[in-house]
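# Architecture at a glance
Residues per chain, in single letters:
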Amino acid sequence: MRPNQPDGPRHALAAGRWVKWIGGASNHDLAALEDLAALAALAGADCLDVAADAAVVAAVRRGMDWAQQHGRPSRPWLMVSLSDGEDPHFRKAWFDPSRCPADCPRPCAKVCPPLAIPAQGPVLAERCYGCGRCLPVCPLGLIEERSMALAPQALPALLRQLQPDAIELHTHPGRASDFAERLQQIELSGVALQLLSVSCPEGPGDAMPHHLWQLHQLLQGCRWPWLWQLDGRPMSGDIGAGTAQAAVNLLQRRRGQLPPGPLQLAGGTNHDSRRRLEREGLADAVAGIAYGGSARKLIQPLLQQAQARGQALRACPDLWGQALAQLQSLFCRPELVRNC
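Just so we're clear, the structure is a prediction, and the values are computed from it rather than from any experiment.

### A few points about the sheet that holds strand E10 (residues 288-291)
Think of a sheet as strands paired side by side through backbone hydrogen bonds, with each pair either parallel or antiparallel. Spatial strand order, E1-E2-E3-E6-E7-E8-E9-E10: 8 strands in a closed barrel with parallel pairing. With strand direction ignored, the average angle separating the axes of adjacent strands in the sheet is 25 degrees. Sheet analysis places strand E1 (residues 18-24) next to E10, joined by 4 bridges and oriented parallel. Bridged to Trp18 within E10 is Gly288. Helix H1 (residues 8-15) contacts E1, strand E3 (77-83), strand E7 (195-200) and strand E8 (226-231) of the sheet and is inclined by roughly 115 degrees relative to E1.

Here it is, written out as structure tokens:
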């Protein structure tokens, strides 16, 4: 595990070796999130990005406490995710199980990464984080997506309650005015942020760089540092090594067109992301990488083993030691990253 200095997250960002763990903007599986946050923190993540929810934030902070008790000398930044409008990261799947045929093989359950669809019954809403893979596989089209949008007027008070270190704001081209409103609501909260992360998909033509330049103008009046998150193929890093190329391709296409600020890769990122950056000569072009589904996939079997014992993963040293090694390997590959 790489050492964490008192200002570790800021130093890692400036040094280009920033690592963010993504818990999921719509993930409310408290038991799993506490385990995942604990091990991601102990493995050296500089930032833990989770849903803007009081129970989720409390669970993640308990995970951070555990990591410090087990040797992490400083805490990562706690980030909460928001959106300035409709976004696939802020949704959950839903269906009425009484409409499912008795002989349905439930292909939806087979493709669900967080195991949110059981063999019988409805979606386990707390586990669903909106990846959408179940939507096209239902043979009868019975699965719906339900938005988890946060009411704008509720945001300042919620942020005061949560007191995050950082915020990720998901946006889409064409929503500059909505983004400006969210900035105003964040300002009204009075929360002292260490970082604002702006996440945006590519969109058609030059829509993304044009949009980010508009946002750059808005951010000039803010008192927080920011970074641009390039979301290659959202919520797909667990599918296979090849998804890592989506974010690398996006970086190749757009990096010369983007406004000033550090860049972070996300969306499809996995153990192969650093190798692909090195191969394309882009390792120095990014401040860091965010890992979500790929991190979850690595330790999902260990979470299930602990659950079968009726225990938290972090209460099973034989299991969490394996999980820690897996995450350390994902977050920091010594053969490719200097000062690791």
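### Things to note about the layout of surface pockets
The volume enclosed by the largest pocket comes to roughly 380 Å³. Lining the largest pocket we find 25 residues, and of these Phe90, Met148, Ala149, Leu150 and Arg182 sit closest to its centre. Contributions of two or more residues to the lining of the largest pocket are made by E3 and helix H6 (176-189). Looking at the lining of the largest pocket, the element that brings in the most residues is H6, giving 4 residues. Its residues placed into classes, the lining of the largest pocket shows 11 nonpolar, 7 polar and 7 charged.

### Quick look at empty space enclosed by the protein
Within this structure, the stated rule accounts for 3 cavities of 30 Å³ or more. If you add up the space inside the largest cavity, you get close to 330 Å³. Around the largest cavity, the lining comprises 28 residues; the ones closest to its centre are Ile22, Gly24, Met235, Gly292 and Gly293. Elements that contribute at least two residues to the lining of the largest cavity include exactly E1, strand E6 (166-170), E8 and helix H10 (293-308). The greatest single-element share of the lining of the largest cavity, amounting to 4 residues, is contributed by E1.

Cut-offs used in this document
- Residues numbered from 1 in each chain as written.
- Predicted model: local features only at pLDDT ≥ 70, side-chain atom pairs only at ≥ 80, totals over all residues.
- Heavy atoms only, no water.
- Pairing = 2+ DSSP bridges.
- Helix = DSSP H or I, 4+ residues; strand = E, 2+ residues; numbered from the N terminus.
- Axes fitted to C-alpha atoms, helices over the stretch in contact; angles between N-to-C directions.
- Contact = heavy atoms within 4.5 Å.
- 1 Å grid on protein atoms, 1.4 Å probe; cavity = no way out; pocket = protein on both sides within 12 Å on 5 of 7 lines; lining within 4 Å.
- Points joined across faces, edges and corners; volume = space filled by probe spheres on them.
- Nonpolar A, V, L, I, M, F, W, Y, C, P; charged D, E, K, R; others polar.

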